[in-house]
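If you want the building blocks of each chain, they are given just below.
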Amino acid sequence: MSDSSPVPAAVPVLDVWCELQCPDCHTALDDVRALRARYGDRLDVRLRHFPLEKHKHAFAAAQAAEEAVEQGRGWPYVEAVLGRVAELDRKGEPFLVEVARELGLDAEEFDTALVDGRHILIVDADQAEGKAIGVTGTPTYVIGGERLDGGKSQEGLRERVEEIVDRLLAGSEA
């Protein structure tokens, strides 16, 4: 059957491989906010978990972020935790529950989720996929098939992401 109605163009996806105890990811948060503000719903920005072994609370933070997604406040939670990386370093898992409570989320459910591990498979799958595509540190961006490593330097990364997104958006309009 033929349908002459226009097919909506796919929205470009920016995967942000991140961990919530990473000082570099804290720094990159301003770039992610700027990208989300500039493109709005024309760009799908997805947090992908890549907890690093050197950060003791990173795996738990990734699980907590998934619980925040489950409760409908994923990005606000991620931004709140990344904005206070030093506190997560000092306080550990109780801090993750504290942030949930501050955001009006069900803190008891966060505590339970961290104990029962209901989000471990999501975090493990992200980490395995990241390793498979060559992610070695955070933040790392993947957009339009290109991997951009921000773990060593973030200089010029936002501009490079914008170039790629603009190219993808222009291509989808053609």
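Placed above this text is the structure.
Figured I'd write up the structure that's included with this text. (Residues numbered from 1 in each chain as written. Predicted model: local features only at pLDDT ≥ 70, side-chain atom pairs only at ≥ 80, totals over all residues. Heavy atoms only, no water.)

A short note on the side chain of Asp15
- Position of Asp15 relative to the elements: it lies in strand β1 (residues 13–18).
- At a separation of 2.7 Å, a polar atom in the side chain of Asp15 contacts the side chain of Arg46.
- Within the local environment of Asp15, its side chain forms a polar contact with the side chain of Arg48, the two groups lying 3.4 Å apart.
- Once residues lying within four places of it in the same chain are set aside, the contact partners of Asp15 are Arg46, Arg48, Thr140, Tyr141 and Val142. (Helix = DSSP H or I, 4+ residues; strand = E, 2+ residues; numbered from the N terminus. Polar contact = N/O pair within 3.5 Å; in protein donor to acceptor, adjacent residues only side chain to side chain. Contact = heavy atoms within 4.5 Å.)

Structural notes on the packing of helix α2 (residues 58–70) against helix α6 (residues 107–116)
- Between α2 and α6, the least distance of the axes is 10 Å, while the angle of their chain directions is 135°. Taken together, the axes of α2 and α6 lie oblique to each other. Considering only the axes of α2 and α6, their crossing is right-handed. Two secondary-structure elements touch here, α2 through Ala60, Gln63, Ala64, Glu67 and Ala68 and α6 through Glu109, Phe110, Ala113 and Leu114.
- Looking at the contact of α2 with α6 residue by residue, the class counts come to six nonpolar, one polar and two charged. (Axes fitted to C-alpha atoms, helices over the stretch in contact; angles between N-to-C directions. Parallel < 35°, antiparallel > 145°, perpendicular 65-115°, else oblique. Left-handed = near helix turned anticlockwise from the far one by under 90°. Nonpolar A, V, L, I, M, F, W, Y, C, P; charged D, E, K, R; others polar.)

Observations concerning the sheet that holds β1
- With mixed pairing, the four strands of this open sheet are ordered in space as β2-β1-β3-β4. What marks the edges here is a single partner per strand, and that holds for β2 (44–49) and β4 (146–149). Across the sheet, the axes of successive neighbouring strands diverge by a mean angle of 20°, strand direction being ignored.
- Bridge count between β1 and β2: six bridges; the pairing is parallel. Residue Val13 lies in a different strand from β2, and its bridge partner there is Asp44. (Pairing = 2+ DSSP bridges.)

Remember that the coordinates give geometry; whether it matters functionally is a separate question.
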